[in-house]
There are 2 protein chains.
Amino acid sequence: MRTLFRNGRIVNVFTDTVQKTNVLIEGGRIIGVGAYTEEDADRVEDIGGKVICPGLIDGHIHIESTMLSPAEFVRACLPHGTTTVIADPHEIANVSGLYGIGYMIEVSRKLPMSVYYTVPSCVPATEFDESGGVLNAQDIAVLFSDPHVIGLGEMMNFPGVIAGVPAVTDKINAAHGAGKLINGHAPMITGKDLDRYIAAGIFDDHECSTMAEATERLNKGQWIMIRQGTAARNLDALLPLFEEPVSRRCLLVTDDKHPADLLYNGHIDSIIRQAVQKGAPVLTAVRMATLQAAQRFGLSDLGAIAPGYQADFLILDELETMKVRDVYRHGEKVVDDGRITDFEDPQVRPDIWKAVRNSVMLRKQDRTMFHIEPGHGPCRVIQVIPDQLITRERRIELDFSRNNGVNTENDIIKLAVIERHVDSGHIGLGYINGLGIRKGAIASSVSHDSHNLIVAGVSDEDMAVAANHIREIGGGLAVVRDGEVLADMPLPIAGLMGLGNASEIAEQNRKVREAAAELGSAPGIEPFMNLAFVSLPVIPDIKMTTQGLVDVNAWKRVPLFVNR
Amino acid sequence: MRTLFRNGRIVNVFTDTVQKTNVLIEGGRIIGVGAYTEEDADRVEDIGGKVICPGLIDGHIHIESTMLSPAEFVRACLPHGTTTVIADPHEIANVSGLYGIGYMIEVSRKLPMSVYYTVPSCVPATEFDESGGVLNAQDIAVLFSDPHVIGLGEMMNFPGVIAGVPAVTDKINAAHGAGKLINGHAPMITGKDLDRYIAAGIFDDHECSTMAEATERLNKGQWIMIRQGTAARNLDALLPLFEEPVSRRCLLVTDDKHPADLLYNGHIDSIIRQAVQKGAPVLTAVRMATLQAAQRFGLSDLGAIAPGYQADFLILDELETMKVRDVYRHGEKVVDDGRITDFEDPQVRPDIWKAVRNSVMLRKQDRTMFHIEPGHGPCRVIQVIPDQLITRERRIELDFSRNNGVNTENDIIKLAVIERHVDSGHIGLGYINGLGIRKGAIASSVSHDSHNLIVAGVSDEDMAVAANHIREIGGGLAVVRDGEVLADMPLPIAGLMGLGNASEIAEQNRKVREAAAELGSAPGIEPFMNLAFVSLPVIPDIKMTTQGLVDVNAWKRVPLFVNR
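Residues numbered from 1 in each chain as written. Chains lettered and ligands numbered in written order. Predicted model: local features only at pLDDT ≥ 70, side-chain atom pairs only at ≥ 80, totals over all residues. Heavy atoms only, no water.

Draft legend 1. Molecular detail of the overall build of chain A. Within chain A one finds 14 helices and 28 strands. Here the C-alpha radius of gyration of chain A, 25 Å, is about what a compact globule of 564 residues would show, namely 24 Å. Taking the principal axes of its C-alpha atoms as reference, chain A extends roughly 85 × 50 × 45 Å. Split into buried and exposed, the 564 residues of chain A put 63% on the buried side. Looking at chain A alone, contacts between residues at least 24 apart form 69% of all its contacts between residues at least 6 apart. Split by element, the accessible area of chain A, about 19,800 Å² in all, is 49% carbon and sulfur. Seen as two clouds, the 54 positive and the 73 negative side-chain charges of chain A have centres 2 Å apart. (Helix = DSSP H or I, 4+ residues; strand = E, 2+ residues; numbered from the N terminus. Rg over C-alpha atoms; globule rule 2.2 N^0.38 Å. Buried < 20%, exposed > 50% of the residue type's maximum accessible area, 1.4 Å probe, protein only. Contact = heavy atoms within 4.5 Å. Areas by Shrake-Rupley, 256 points an atom, 1.4 Å probe, with all protein chains shown as cover. Lys, Arg positive; Asp, Glu negative; His and termini not counted. Charge placed at Lys NZ, Arg CZ, Asp CG, Glu CD.)

Draft legend 2. Just the interface of chain A and chain B, in detail. At the interface, 37 residues of chain A touch 37 residues of chain B. Summing the contributions of chain A and of chain B, the shared interface buries around 2,900 Å²; its carbon and sulfur component is 51%. Looking at the side of chain A facing chain B, the largest losses of area belong to Phe14, Asn219 and Arg248 of chain A, adding up to 21% of the total buried there. Asp16 of chain A is the partner of Arg248 of chain B in a salt bridge, and the nearest nitrogen-oxygen pair spans 2.8 Å. Remark: the boundary between chain A and chain B carries 18 residue pairs in polar contact (both at pLDDT 80 or more). For the side of chain A that touches chain B, the elements supplying multiple residues, two or more each, are strand 3 (29–34), helix 6 (191–199), helix 7 (211–219) and helix 10 (282–296) of chain A. (Buried area = accessible area lost by both parts, 1.4 Å probe. Salt bridge = Lys/Arg side-chain N within 4 Å of Asp/Glu carboxyl O. Polar contact = N/O pair within 3.5 Å; in protein donor to acceptor, adjacent residues only side chain to side chain.)

Draft legend 3. A look at the packing of aromatic side chains. According to the stated counting rule, one finds 18 aromatic pairs over all chains in the structure shown. Consider the rings of Phe14 of chain A and Tyr309 of chain A, whose centres lie 6.0 Å apart with planes at 75°: the pair is edge-to-face. With a gap of 295 residues between them, Phe14 of chain A in the loop between strand 1 (2–12) and strand 2 (17–26) and Tyr309 of chain A in the loop between helix 10 and strand 14 (313–316) connect regions that are remote in the sequence. Considered together, Phe14 of chain A and Tyr309 of chain A belong to a single accessibility category, that of buried residues. A network of ring pairs unites the aromatic residues Phe5, Phe313 and Tyr328 of chain A as a single cluster. Lying across the ring of Phe343 of chain A, Arg75 of chain A places its NZ or CZ 4.2 Å from the centre. A cation sits over an aromatic face here: Arg249 of chain B above Trp223 of chain B, 4.2 Å from the ring centre. (Phe/Tyr/Trp six-rings, centres within 6.5 Å; stacked < 30°, edge-to-face > 60°. Lys NZ or Arg CZ within 6 Å of the ring centre and 35° of its normal.)

Structure follows, in structure tokens:
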């Protein structure tokens, strides 16, 4: 069946123009742009002078960070005009390995969005991590045979690339051998180190936070992904990239988006809107978010309104505000006046579903497991810093005569990271300062990048209750006080994603954060957010893992008691 | 071994700038651009402020048209700075089929130039052609497995694409299935027909001769290959393409280059030079000929001076004149101060070599084979037009009482096209007007696209001598007068390419053309050039094939005598 979209104003990303014309669609593709009439079509839609814009492409996102299943992610993003994403399933890979990636790919196949994947390059993230998944070069090579797998995911192990570590080089060579591209991630690296990194064939970067970084990378041939997500926001710093001639080497990406932000502020449409408000030409911003993203990823029939292109496009009242009225994907209307046309939830193969649904493997915890054997002299206490992911090491002499060293007056509470993938019983125990929590305990299975179970609390009893609740709900977030669960947020998909829709997930998230705030929290501290990065030993200075503290700067494990 | 190129001025095609800096090379790749010193390298070359430019890329050429073997083609082009070509072996495929393509690919593998191939899409070119090779969709699919095969060659059968002829669609689908691109060729096609053609996934065109054609194609997403070859020269008409923003969608190509033109005027360097002389910004022209050509063909590590890129680059005294001093390919110096570093001729597998060297399969000809049985009434005579490839049909009552209808006073001589691939004995006989030849005969195995043996002459005797001489030398060009060969040009590789180097081939070509001129030739007529297109039934109005005349406009065979 042929459908004619008449009287549109087409955004032409080849020539940076808006052209009054008509578009003819058949079989999910655009087959003509020009002087077509009703005689050429079986159906006619009169666009009435509205704008037809190519569907938007997010060049780099971790779907897991939205806490939404892929289907719910699509339901949340489509009304914002996103028709293609390139997703890196790094989080679920660290929990469920090949099964986790398999889950993401499998459920995405039939969704009304083109979801391409990169294979996570760093699973586990470091040698200190006890993750649920391990991906070596052979695993990666196998995944490359899937047509929806488009490349090797962000290569965060830049020291490994620069030093030529064989396990890293093997993965890079696997990508080159399969003709797949490699995404970059090398913040702050410059000069000769950057050259070595890029020379491995890593031709993009989404970690630029200054024009100096971006300019060096542009000059050295990298595509620049301008990132504007929920936490990391680089648009302001990178506004000059919207100028010529460099704009042609840039894309727009979100990296990480939280559910409420996605729902209420938008996705790539929101980046375009913000860029335009800050003075960027709208046609440049749209070109970055469409044709150029497609070019970077070799998707030769995406990102434009032209014959032979996939019929993925948006109807907008006006271009500058990017207010999306309708969305078409493969020529089908998937959003009608802002409302999504519902679709069936994808079936998941039982073996995959079991693997990702039963991701929390953990014996029942009791209070004794959180007991710390008193020692002598100062302890290494992790200090969290408002509005930052880095931590500091404080050396404090603790009073073990009461509450096993916990001292809420000095804002020092207990911290545990419990291995939750094979129930090894490994537990890292210590103290954390700065969260502000004065009662109860909080627990979460979202703790980068291994996503073990992280618990912080005032009483060992409440810590055990919180941990056991996460165990009960199969992963998620929980807030406990006096043995009672005040709020929880079940994330039964790998302990990372919920089963509800975006507004339900956003609401649950709001409630657990409110409950955590009731336990007390310091200004600038988001307890779950800060905790989520307290176990990631790639961010300085000191982190807690399942086997205890890691001094990130010295790159080694260190004991809790300084003098031991 | 690491080599440092110090004190260069680097052409940066990402940012349209020239930057004073240093380049570090290792293992055939660029590994660094920046503040490197001798301490970083095993060897240092001081460039002394000269320009380092990425190696040039010809996005579309038929190597056979140069009459040079691939090795000699490379020897001729490298000094002009060409380090990569995308070649369409359409001519040899029509003579030797898969063996012909196999020959081109095999001999190119070890040459000091990156030679990529597209699989010819139209072999034979029409149903009227008796060619030496036939390529169907299955053959094409097999060829796609070769890593040097980059796409499906120019799809000249635009009526077939537009009408959806299954044999054509099968080839297009084979390309899509293998993830290969498709080159276009659809001159004059516009509007809905053009949309249908492009919608098949044909995303470039090298046949634009007006800005109107180019603009429509740009708007519809095609890459525009600006063609400036020996015969077809579109640069003047397409100069506005060097402006922004459209320049980013354009490439430079030659399509067909004759040996003398290549040798004395240059290759892609010459197009850049001409463009600059006509007012185009040199950085734009260089970007078209480097990064953008690589982008169109998905060659992600070609076309720039940047880390991770293949170390293919030129040293120029100055950019604007494109005078190439040195050429590096894979980091090796292959041209030193204009002189090529010689390399061994590639080995050819005996079966392939035999197939392409014995391409002329033809019984010995005698004068009786050229006799035309007299008939009654007017004959259809092919009239050649000065400076054009089209022909006209003239209807002339011939006098068969003398010399079998030939009449040099009216410039009417005999024309024969003899099937030379399987010696079927098929011969098309008739008359040609306008060549100007008054004595003897000329013969050639270069006759598009089937490359049968074409002979034009005044006496049947000389025509037989000329045909037999081509048979003797295994293909080529010959000029005969009074039973003697005045000049010849052996083209023993498929009857299309010689064994000598570019200056030898150019000199032989000059001599046969001089000898043909001695037989008499009309102003604006190049007898061998015109003859080469007299048997190509895709160019109007009337052509001669191995089975007689074809009325191109009516798309059918027609008899010599109008009333028969």
